[in-house]
Amino acid sequence: MTFKSFLRTLVFVVLTTGIQAPVLAQNTESGVTYEDILNGLSEPSKWLTYSGDYTGQRHSPLTMITPGNVQDLVPIWTFQTGTMTRGRGFETTPLVLDGVLYVTGSNNFAWALDARTGRPFWQYRRNLPDDLTYGSSAPVNRGFGILGDRLFMVTLDAHLLALDRKTGSVLWDIELADYRIGYAATLAPLVINDKVIVGISGGEYPTRGFIDAYDPTSGDRIWRFYTVPSPGEFGSETWPDDPEVMARGGGATWMTGSFDPELNLIYWGTGNPNPDYYGEKREGDNLFTNSILAIEADTGTLRWHYQFTPHDLHDWDSNHVPVLADLVLDGELRKVVMVANRNGFFYMLDRVTGELLVGKPFTDTTWAREIGSDGRPIVLNDGSKGCLPDPWGGTNFMPPSFNPDLEMLFVTAREVCATFVPQEPEIVPGRPSFGGVVWIDRDQGYGALRAIDVKTGERQWEFRYPSATMAGVMTTASGLVFAGDHEGNFMAFEASSGRNLWHYQTGSRIWGAAAMTHVLDGRQHVLIPSGTTLVAFALPVNQP
Amino acid sequence: MVHMLLTCLLLALGILMPLSVSGQGGNPYDADPAARRAGAALFATRCAECHGADARGIGAPDLTLLWAAGTEDERVFRTIQRGVPGSNMPSSSAPDNEIWAIVAYLKGISTVSPFEDNVGDPEQGREIFLSMCARCHRVATQGGSLGPDLSRIARIRSRDRLLRSIREPSASVAVRYRAVTLITQDDRSIRGLIKSEDAFSIQIADTSERLQGYTKSELQEVIYEERSLMPDFGTERLSNTDLDNLLRYLGTLRG
């Protein structure tokens, strides 16, 4: 047989057996490598970690959808999850690889979906106990982490699972903490090289927050960092000399952090001290609650910390996605980390040292209007007279987005007044211990998409929503900002001006979710979760 | 926290045992002062946002009138437990003893209806209602739907509150009765109630109760009004005698 006749025979065999090259290519896919995640969104057919890449910028380099054509964007499919979260949202960010979306949902459902059609390959549903604690009040999940052929997902009963991405079957299942005393887990795991990094929910219960690193293959724990120190450790001097108070001091870690591979540092936010509103039995700053932590990835050792709200009395968790960028400040290239905080301030810190570079209000916050030279807020109002950010905050965990070309951070701001009435709680494991009552003036509040000049902290523009909004933001290099609102609109704005260019009514408030985007078959897709649906948008096929 | 406080109180009282009844057989904590304190704490965290810190109603009904209107403990219990379908009132999965504690608290602060020793003639009041109010307010099957349905108003609002709402309706306008005027591109003015709104559109019921939706970009102006659509009924429009008659009639409306 000549080589040509061999090829003809091979083509004949392939055709007659129905084997097609793209299918072979998919079947030989070996999964996600650490390098793939490091490459971030430079390969636009992929979205492999919660924010798209390790910077937390949620900024896509894609430019197919532009301010000039976004008005033609149309929904191309809708996936109905069949599971909903009363009082919260469908908060996930899908991952995408080889035309397959990996999606987690409320109540610990999860799916692999055909990114072309939204049709499911498999569904996973965890059998949850009926005595969930925090997990019953917020039965949400924000997404998978992925490495190799494993998907990593946390659960409402405070476990970490590894699923086979091809089947959805459980490969391993380990307990993070005892859900019965108040723990749960809701975040999207952060996968770095040879570790799966997760945090914990439950700061409204008498719990103690931590950040964990696990072996992706075995599920063995590599390290744990407690966000409230033990007696005698660094930071314990900011608590009463009472081991019991520290052992239930809060500091939950329920939002995915960011990662600087060069510095080998993980950046992670921490939540409120417990009890939330009642602080008389926890005198002091209560480190490391309401802080951002820089943690060495290999060891879990704390490198530096910055506390946004010392001795918090308002449930202003600092569980935000830290946004990393390299910026020229006063002629010097600085590695910075940025946070628009629940306390109403925008912060920029040197991410090598933790030095505060910018700290300015991005809301009408009344509890403080400036940060002192010592890096601490100058507190004006303790909340008993009202009109601070409410407990949901000047913003919240919904992801912001950073456009490095414009050097603007786009954030969903909330302007809602509240009055705090603290009361001493009884501490019972498994029962919430808010420590008081809050009166929220829901009728008068509003929301807004705001653009912040990160070098000055000044507001560049805003687009107002009729009510306070909990939707996240995504930007693209074409100069677009995608955002959502409480009324159910999914919207596109011109990043430079804030001009609204397009909107689509999804039928349910967009709550806790931000858009993601990827390229499939040469066509840019944009996805947003809303209510019980995941909707994919694209330009019509006849568009250039 | 309040949950803890309640648990502590109930434990101290020795009444944290499961109850075999579910909304039947009367309130086991009726008139129990400790249970009422626990119920007050639970009410503050779970109910007061809609019903007001004093339970006299904000957007939701005045709960201090329930017993005066003849409502029984069991019905209040069941309403808390099951919620009110179609309203903002959710169901509750709280244990029976917590719900009974809230019922005991509410019963303790309930007031005798001031309507009972009211002055005025209810028949004349009904005539006034039909001539002056029924265009916008419904009683049973009669009347309009622009304003609140008054069929059960005596169960959920006190005489004093109703009096204020008639004399000065704009002093306090519930969110779902906020008024708006839309100016169209052809200079038409359309006044009505905001039924729904987002950043790009607004849905109203105009003063003829016609439901209409508009895209904001196609309007010249959206004017949000501070005042209620309901005019003030001062003494020049409604004498004190007529007001007494009207209130006496409204006091008979218990559904």
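Reading the values: rules and limits
- Residues numbered from 1 in each chain as written.
- Chains lettered and ligands numbered in written order.
- Predicted model: local features only at pLDDT ≥ 70, side-chain atom pairs only at ≥ 80, totals over all residues.
- Heavy atoms only, no water.
- Helix = DSSP H or I, 4+ residues; strand = E, 2+ residues; numbered from the N terminus.
- Contact = heavy atoms within 4.5 Å.
- Areas by Shrake-Rupley, 256 points an atom, 1.4 Å probe, with all protein chains shown as cover.
- Phe/Tyr/Trp six-rings, centres within 6.5 Å; stacked < 30°, edge-to-face > 60°.
- Lys NZ or Arg CZ within 6 Å of the ring centre and 35° of its normal.
- Pairing = 2+ DSSP bridges.
- Axes fitted to C-alpha atoms, helices over the stretch in contact; angles between N-to-C directions.
- Core = buried A, V, L, I, M, F, W, Y, C linked by side-chain atoms within 4.5 Å.
- Buried < 20%, exposed > 50% of the residue type's maximum accessible area, 1.4 Å probe, protein only.
- Buried area = accessible area lost by both parts, 1.4 Å probe.
- Salt bridge = Lys/Arg side-chain N within 4 Å of Asp/Glu carboxyl O.
- Polar contact = N/O pair within 3.5 Å; in protein donor to acceptor, adjacent residues only side chain to side chain.
- Nonpolar A, V, L, I, M, F, W, Y, C, P; charged D, E, K, R; others polar.
- pLDDT = per-residue confidence, 0-100.
- Domains from an automatic or database assignment.
- Parallel < 35°, antiparallel > 145°, perpendicular 65-115°, else oblique.
- Left-handed = near helix turned anticlockwise from the far one by under 90°.
- Expected span 1.5 Å × (residues − 1).

J.: So what's going on with the overall build of chain B? Residues and values would help.
T.: The helix and strand tally for chain B stands at nine helices and seven strands. For chain B, restricting intrachain contacts to residue pairs at least 6 apart in sequence, the fraction spanning at least 24 positions comes to 63%. With an accessible surface of roughly 13000 Å², chain B has 50% of that area assigned to carbon and sulfur atoms.

J.: Provide a residue-level description of the packing of aromatic side chains, including the pertinent values.
T.: Aromatic ring pairs are described here by two measures, namely the spacing of the ring centres and the angle between the planes. Per the counting criterion, the structure on display carries 35 aromatic pairs over all chains. Ring geometry for Phe-234 of chain A against Phe-288 of chain A: centres 5.7 Å apart, planes inclined by 55 degrees, an arrangement best described as tilted. Separated by 54 residues along the polypeptide, Phe-234 of chain A in the loop between strand 14 (221-226) and helix 5 (243-247) and Phe-288 of chain A in the loop between strand 16 (265-269) and strand 17 (291-296) bring together distant segments of the chain. Ring centres of Tyr-277 of chain A and Phe-420 of chain A lie 5.7 Å apart, and the angle between their planes is 70 degrees; this geometry places the pair in the edge-to-face category. Taken together, the residues Tyr-277 of chain A in the loop between strand 16 and strand 17 and Phe-420 of chain A in strand 27 (residues 418-422) connect sequence positions 143 residues apart. A network of ring pairs unites the aromatic residues Tyr-306, Phe-308, Trp-316, Phe-345, Tyr-347 and Trp-367 of chain A as a single cluster. The residue whose ring lies beneath Arg-208 of chain A is Tyr-226 of chain A, and the NZ or CZ to ring-centre distance is 3.9 Å. Looking at Arg-237 of chain B, its charged tip hangs above the ring of Phe-233 of chain B, at a distance of 5.0 Å from the centre.

J.: Would you mind going over the sheet that holds strand 6 (residues 120-125) of chain A in detail, with residue names and values included?
T.: All names here are of chain A. Overall, antiparallel pairing links the four strands, which are arranged 3-4-5-6 in an open sheet. Two strands in the sheet have a free side with no partner beyond their single neighbour: strand 3 (95-97) and strand 6. Taking each pair of neighbouring strands and ignoring which way they run, the sheet shows an average axis angle of 15 degrees. With five bridges joining them, strand 4 (residues 100-104) and strand 5 (residues 109-114) adopt antiparallel strand pairing. Its bridge partner being in strand 5, Thr-104 is matched across the sheet by Ala-110.

J.: Can you break down the sheet that holds strand 1 (residues 59-60) of chain A residue by residue, with the values?
T.: For sheets, the rule is that strands pair by backbone hydrogen bonds, running either parallel or antiparallel. All names here are of chain A. Spatially, five strands are ordered 1-31-32-33-34 in an open sheet, and the strand pairing comes out mixed. With one partner strand each, in any of the chains shown, strand 1 and strand 34 (500-505) form the two edges of the open sheet. As judged from the two bridges shared by strand 1 and strand 31 (residues 473-476), these two strands associate in the parallel manner. The partner of His-59 across the bridge, within strand 31, is Thr-475.

J.: How would you summarise unusual backbone geometry if you had to cite specific residues and measurements?
T.: Phi is mostly negative for residues that are not glycine, and the peptide bonds are mostly trans. All names here are of chain A. Look at the link from Asn-274 to Pro-275: it is a cis peptide, with omega at 0 degrees. By the element assignment, Pro-275 lies in the loop between strand 16 and strand 17. Note the cis peptide between Leu-287 and Phe-288, where omega equals 0 degrees. Positive phi is not limited to glycine here, since Asn-264 has a value of about 55 degrees.

J.: An account of the nonpolar core is needed here, citing residue identities and associated values.
T.: All names here are of chain A. Among the nonpolar cores identified, the biggest contains 93 residues, and Tyr-102, Leu-160, Leu-176 and Phe-482 are the most heavily contacted of them. Looking at this core, the element that brings in the most residues is strand 5, giving five residues. The contacts of Phe-482, once residues within four sequence positions are left out, are Ile-65, Val-70, Leu-73, Gly-472, Val-473, Met-474, Thr-476, Phe-490, Met-491, Ala-492, Ala-515 and Val-526. Counting residues in hydrophobic clusters, the runner-up holds 25 residues, among them Phe-308, Trp-316, Trp-367 and Leu-388.

J.: Summarise the interface of chain B and chain A; cite the residues concerned and give the values.
T.: Listed by partner, the interface residues are 20 residues for chain B and 27 residues for chain A. The contact between chain B and chain A buries some 1700 Å² in all, and 63% of this surface belongs to carbon and sulfur atoms. Across the contact surface, chain B and chain A share zero salt bridges. On inspection of chain B and its partner chain A, the count reaches two residue pairs in polar contact (both at pLDDT 80 or more). If you list the elements that add at least two residues to the side of chain B that touches chain A, you get helix 1 (2-13), helix 2 (33-46) and helix 3 (48-51) of chain B. If one sorts the elements of the side of chain B that touches chain A by residue count, helix 1 of chain B sits on top with six residues. When its residues are assigned to classes, the side of chain B that touches chain A shows 12 nonpolar, four polar and four charged.

J.: An account of the confidence of the model for chain B is needed here, citing residue identities and associated values.
T.: All names here are of chain B. The pLDDT averaged across chain B works out to 83; a share of 87% of its residues lies at or above 70. The model gives residues 1-23 a pLDDT under 50, and that stretch makes 56 contacts with residues more than four places away or in other chains. Interface predicted TM-score (ipTM) for the complex: 0.75; the corresponding pTM is 0.81.

J.: Describe the pairing of strand 35 (residues 516-520) of chain A, listing the residues and the values that go with them.
T.: Residue and element names in this part refer to chain A. Summarising burial for strand 35: five of the five residues are buried, a large majority. Both faces of strand 35 are covered, namely the face carrying Met-516, His-518 and Leu-520 and the face carrying Thr-517 and Val-519. Between strand 35 and strand 36 (residues 523-530), which follow one another and run antiparallel, lie two residues, and Asp-521 among them has a positive phi close to 55 degrees.

J.: Please set out the domain arrangement of chain B residue by residue, giving values where relevant.
T.: For an interface, size is often stated in terms of accessible area lost upon the parts coming together. Residue and element names in this part refer to chain B. Segmenting chain B into domains produces domain 1 (2-110), domain 2 (122-168 + 232-250) and domain 3 (175-228). Between the C-alpha centres of domain 2 and domain 3 there is a distance of 26 Å. Contact with domain 2, which involves seven residues of that partner, is made by seven residues of domain 3. Broken down residue by residue, the surface that domain 2 buries against domain 3 is led by Arg-135, Leu-146 and Pro-148, which jointly contribute 73%. Its salt-bridge partner being Arg-227, residue Asp-232 comes within 3.0 Å of it at the nearest N-O pair. Here the side of domain 2 that touches domain 3 is built from residues that sort into two nonpolar, three polar and two charged.

J.: Now, about the side chain of Lys-195 of chain A: what can you tell me, with residues and values included?
T.: Residue and element names in this part refer to chain A. Tracing the backbone shows Lys-195 in strand 12 (residues 195-199). Among the polar contacts listed, one links the side chain of Lys-195 to the side chain of Asp-194, at a separation of 3.1 Å. For Lys-195, the contacting residues outside a window of four places in its chain are Leu-190, Ala-213, Tyr-214, Pro-216, Ile-222, Trp-223, Ala-297 and Asp-298.

J.: Can you tell me about the pairing of strand 10 (residues 170-175) of chain A, naming the residues and giving the values?
T.: Looking down a regular strand, the side chains alternate between one sheet face and the other. Sheet analysis places strand 9 (residues 159-164) of chain A next to strand 10 of chain A, joined by five bridges and oriented antiparallel. Along strand 10 of chain A, the bridge assignment pairs Leu-160 of chain A with Ile-174 of chain A.

J.: Now, about the packing of helix 8 (residues 159-167) of chain B against helix 9 (residues 240-250) of chain B: what can you tell me, with residues and values included?
T.: Packed helix pairs are specified by the crossing angle of their axes together with the interaxial distance, meaning the distance between the axes. Residues and elements named next belong to chain B. One way to put it is that helix 8 packs onto helix 9 with a least axis distance of 11 Å and a crossing angle of 130 degrees. In terms of orientation, helix 8 and helix 9 fall into the oblique class. Taken as a pair, helix 8 and helix 9 cross one another with a handedness that is right-handed. Contacts between helix 8 and helix 9 involve Arg-159, Leu-162, Leu-163, Ile-166 and Arg-167 from the former and Asn-240, Leu-243, Asp-244, Leu-246, Leu-247 and Leu-250 from the latter. Classifying every residue of the contact of helix 8 with helix 9 by side-chain character gives seven nonpolar, one polar and three charged.

J.: Break down helix 2 of chain B for me, with residues and values.
T.: Residue and element names in this part refer to chain B. A rise of 1.5 Å per residue sets the reference length of helix 2, with its 14 residues, at 20 Å; its end C-alpha atoms lie 20 Å apart and thus fit the reference within 8%. When we look at burial in helix 2, the residues that qualify are Ala-34, Ala-35, Ala-38, Gly-39, Ala-41, Leu-42 and Phe-43. For helix 2, the N-terminal capping position is held by Asp-32, with its side-chain oxygen 2.9 Å away from the main-chain nitrogen of Ala-34.

J.: Quick one: what's the story with the pattern of salt bridges, residue by residue and with numbers?
T.: Side chains that carry opposite charge are capable of pairing whenever their charged atoms lie near each other. All names here are of chain A. One pass over the full model with this rule turns up 39 salt bridges over all chains. Here Arg-414 ties to Asp-390 by a salt bridge, and the two come within 2.8 Å at their closest N and O atoms. Of the two residues, Arg-414 sits in strand 26 (residues 408-415) while Asp-390 sits in the loop between strand 24 (377-379) and strand 25 (401-403), which places them 24 residues apart along the sequence. In this structure, Arg-414 and Asp-390 share a single accessibility class: buried. The network of salt bridges with shared partners includes Glu-415, Arg-450, Arg-459, Glu-462 and Arg-464.

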